[in-house]
Amino acid sequence: MPILVMKFGGTSVADLGRIANAAEKVKREVERGYDVIVIVSAMSGKTNELVKWVNETSPFYDAREYDAVVSSGENVTAGLMAMRLQEMGISARSWQGWQVPINTTSAHGAARFESIPRDNIDAKFAEGFKVAVVAGFQGVSHEGRITTLGRGGSDTTAVAFAAAFDAERCDIYTDVDGIYTTDPRITSKARKLDKISFEEMLELASLGAKVLQTRSVELAMRYKVRLRVLSSFDETDETSGTLVCDEEEIMESKVVSGVAHSRDEAKITLFTIEDRPGIAAAIFGPLADAGVNVDMIVQNISEKDYDAAHAGAVTDMTFSCPVDQVARAKKAMEEARAEGKIKYDELIIDTDVSKVSVVGIGMRSHAGVAARMFKALSAENINIKVIATSEIKISVLIDRRYMELAVQILHDAFALDSAA
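One structure accompanies this document, and this report is about it. Think of each chain on its own: its residues are numbered from 1, step by step along the sequence as written. This being a predicted model, a pLDDT of at least 70 is required before a residue's local features are given, and a value of 80 or more before pairs of side-chain atoms are given or counted; all residues contribute to the totals for chains, interfaces and linings. Computation of side-chain values: all heavy atoms of the structure, hydrogens and water removed.

**Here's the deal with the pairing of strand E13 (residues 258-274)**
Classification of residues uses two cut-offs on accessible area relative to the type maximum, computed with a 1.4 Å probe and protein chains only: under 20% is buried, over 50% is exposed, and between them is partly exposed. Runs of H or I in DSSP of at least four residues are treated as helices and runs of E of at least two as strands, each being numbered from the N terminus. Burial analysis of E13 places twelve of its 17 residues in the buried class, the great majority of the element. Each pair of strands is called paired provided DSSP finds at least two bridges between the two strands. Across eleven bridges, the pairing between E13 and strand E16 (residues 346-359) is antiparallel. Note that in E16 the partner of Ala260 across the bridge is Ser357. Pairing of E13 with strand E15 (residues 314-322), which is carried by eight bridges, proceeds in the antiparallel orientation. Bridge pairing links Leu270 to Met317 in E15.

**Some thoughts on the environment of Val140**
Take Val140: it is sitting in strand E7 (residues 138-140). We classify Val140 as buried; its relative accessible area is 10%. Along the primary structure Val140 and Lys254 are separated by 114 residues, whereas in three dimensions their C-alpha atoms are 43 Å apart. Here, two residues are considered to be in contact whenever any of their heavy atoms come within 4.5 Å of each other. Here Val140 is in contact with Gly97, Trp98, Pro101, Ile102, Asn103, Thr104, Arg145 and Thr147, once residues within four sequence places are set aside.

**Side note on the sheet that holds E13**
With antiparallel pairing, six strands are arranged side by side in an open sheet as E14-E15-E13-E16-E18-E17. Both outer strands of the open sheet, strand E14 (297-300) and strand E17 (386-390), are each paired with one neighbouring strand and no more. Averaged over all pairs of adjacent strands, the angle between their axes in this sheet comes to 25°, without regard to strand direction. As paired elements, E17 and strand E18 (residues 393-399) share five bridges and run antiparallel to each other. The partner of Ser390 across the bridge, within E18, is Lys393. The convention used is that axes are lines fitted to C-alpha atoms, helices contributing only their stretch in contact, and that angles between N-to-C directions extend from 0 to 180 degrees. On top of the sheet, helix H7 (residues 198-206) reaches E13, E16, E17 and E18; it is set at about 145° to E16, its chief contact. Here helix H11 (residues 369-379) sits on the sheet in contact with E16, E17 and E18, set at roughly 20° to E18.

**Observations concerning the sheet that holds strand E11 (residues 227-231)**
Pairing is mixed in the open sheet, where eight strands are placed in the order E3-E6-E2-E1-E9-E11-E12-E10. Of all the strands in the sheet, the pair left with one neighbour each is strand E3 (92-95) and strand E10 (195-197). Put simply, the sheet's adjacent strands are angled 20° from each other on average, direction ignored. As paired strands, E3 and strand E6 (residues 131-135) are joined by four bridges and run parallel to one another. The residue of E6 that forms the bridge with Arg93 is Ala132. Of the strands in this sheet, strand E1 (3-8), strand E2 (35-40), E3 and E6 are in contact with helix H5 (residues 119-127), which crosses E6 at around 150°.

**Brief notes about the packing of H7 against helix H8 (residues 214-223)**
Running from amino to carboxyl end, H7 crosses H8 at an angle of 165°, the nearest separation of the two axes being 9 Å. The angle between the axes of H7 and H8 places the two elements in the roughly antiparallel class. Regarding H7 and H8, the two cross each other, and that crossing is left-handed. Counted together, Phe198, Glu199, Met201, Leu202, Ala205 and Ser206 of H7 and Thr214, Val217, Glu218, Ala220 and Met221 of H8 form the full contact between these two elements. Only Asp, Glu, Lys and Arg are considered charged in this grouping, and only Ala, Val, Leu, Ile, Met, Phe, Trp, Tyr, Cys and Pro are considered nonpolar; every other residue, Gly among them, is considered polar. By residue class, the composition of the contact of H7 with H8 is seven nonpolar, two polar and two charged. Roughly parallel means an angle under 35 degrees; roughly antiparallel, over 145; roughly perpendicular, 65 to 115; everything else is oblique. The handedness criterion is simple: a crossing whose near helix is rotated anticlockwise from the far helix by less than a right angle is left-handed, and one whose near helix is rotated clockwise is right-handed.

**Focus on helix H3 (residues 63-70)**
An α-helical segment advances 3.6 residues per turn. Residues three or four places apart therefore align on the same side. Those residues of H3 not exposed but buried are Tyr66, Asp67 and Val70. For H3, the arc enclosing every buried residue in end-on projection is 95°, short of the 170-degree limit, so these residues lie on one face. What the arc describes is the spread of directions from the helix axis to the C-beta atoms.

**Focus on the side chain of Ser41**
Take Ser41: it is sitting in the loop between E2 and helix H2 (46-57). You can call Ser41 buried: its relative accessible area is 10%. Leaving out residues up to four positions away in the same chain, Ser41 has contacts with Lys7, Phe8, Gly9, Gly10, Val13, Glu74, Thr77 and Ser154.

**Quick look at unusual backbone geometry**
Residue Pro101 is reached from Val100 by a cis peptide bond, and omega for that bond is -5°. Checked against the element boundaries, Pro101 lands in the loop between E3 and strand E4 (103-104). A positive phi angle, near 50°, is found at Asp166, a position not held by glycine. Using a relative accessible area of 61% as the deciding quantity, one classes Asp166 as exposed. Here the phi dihedral of Lys224 falls at roughly 55°; this positive angle occurs in a residue that is not glycine. You can see Lys224 is positioned in the loop between H8 and E11.

Purely spatial values, then, with no claim about function.
Spelled out as structure tokens, the structure:
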């Protein structure tokens, strides 16, 4: 039988009624002739509750016990979903990560997949079982301990199973009915996309779009897993939602496919650092060691000589990172200076910025995207603080108070409300 992977997020299994609704969708796919692997998240809000209990019990907790606690939410959902399917006459069995087994690294709280053997689940399908309900977000380490994959890990679990079992497709059921050109809460002109390429979705996910977890898109692109994002609250068919697929499946695409935003960014500048080989490594090495997720980087090239207090050429280095990582970034830079690894005169932090990006595979073959973007922002007197580009994206840092306006005007500038 062909295999289909179906993943249901927390809002889709928030209570028994929604679990029953999700089970109806699974039953429909079984009736269409599929053997189905269902990946479930914990009920909405349960993981946050479990994390809260952990922090209240032990602020400096053992990561292995953290995983043992927070993974339990998915176990509950998997069991309830399997029971519901059985009540509907569908032969189903629930699976925890260690039972599959989902083999991962031992990085508790941020584990990565190593292998998903098919033998156990294939054996159950061969016995006549039609549905395997797998607890998402979790696995088992070499030591036999429960591991978790980090928040949003159930998306990654679903894609990994689709790759391991050569599934025809991986359907991600959530509380939205697909991928939009931008956040519909910011502009009512946002349009649902029928298809989007892996590369575009990866950029949008990494730039702030919350529909899919970034690691899940990376995995789907690597193993060519066709993803479909659709609503668990609407009636669905084979054409519902948005298909995330290879670029070759998209006959013709607009120059820009979407506008993404990340509200809580920070800009950090180191002034008058040494302009010498190795200075970037001396700065970003300690930041990486501190777990700071650096994004946009700008170095100002300067031929200016040091004054009497210095001994060579100087430059400035600016980078962005999430606001909640600013304290770690500042500490890492101050420690690096104290240890003599870097020298700088001043460290300036701006925590009142946001990132806005335009993304599209059509940018590879069309000129003038940057000019149109900058002209649209200039017309509204929105000042650009930092610019970063790749082959299919342009990102800018701007004052946070202009973020929603910038998203709206860029959506209009590239006529994203129109499919043509």
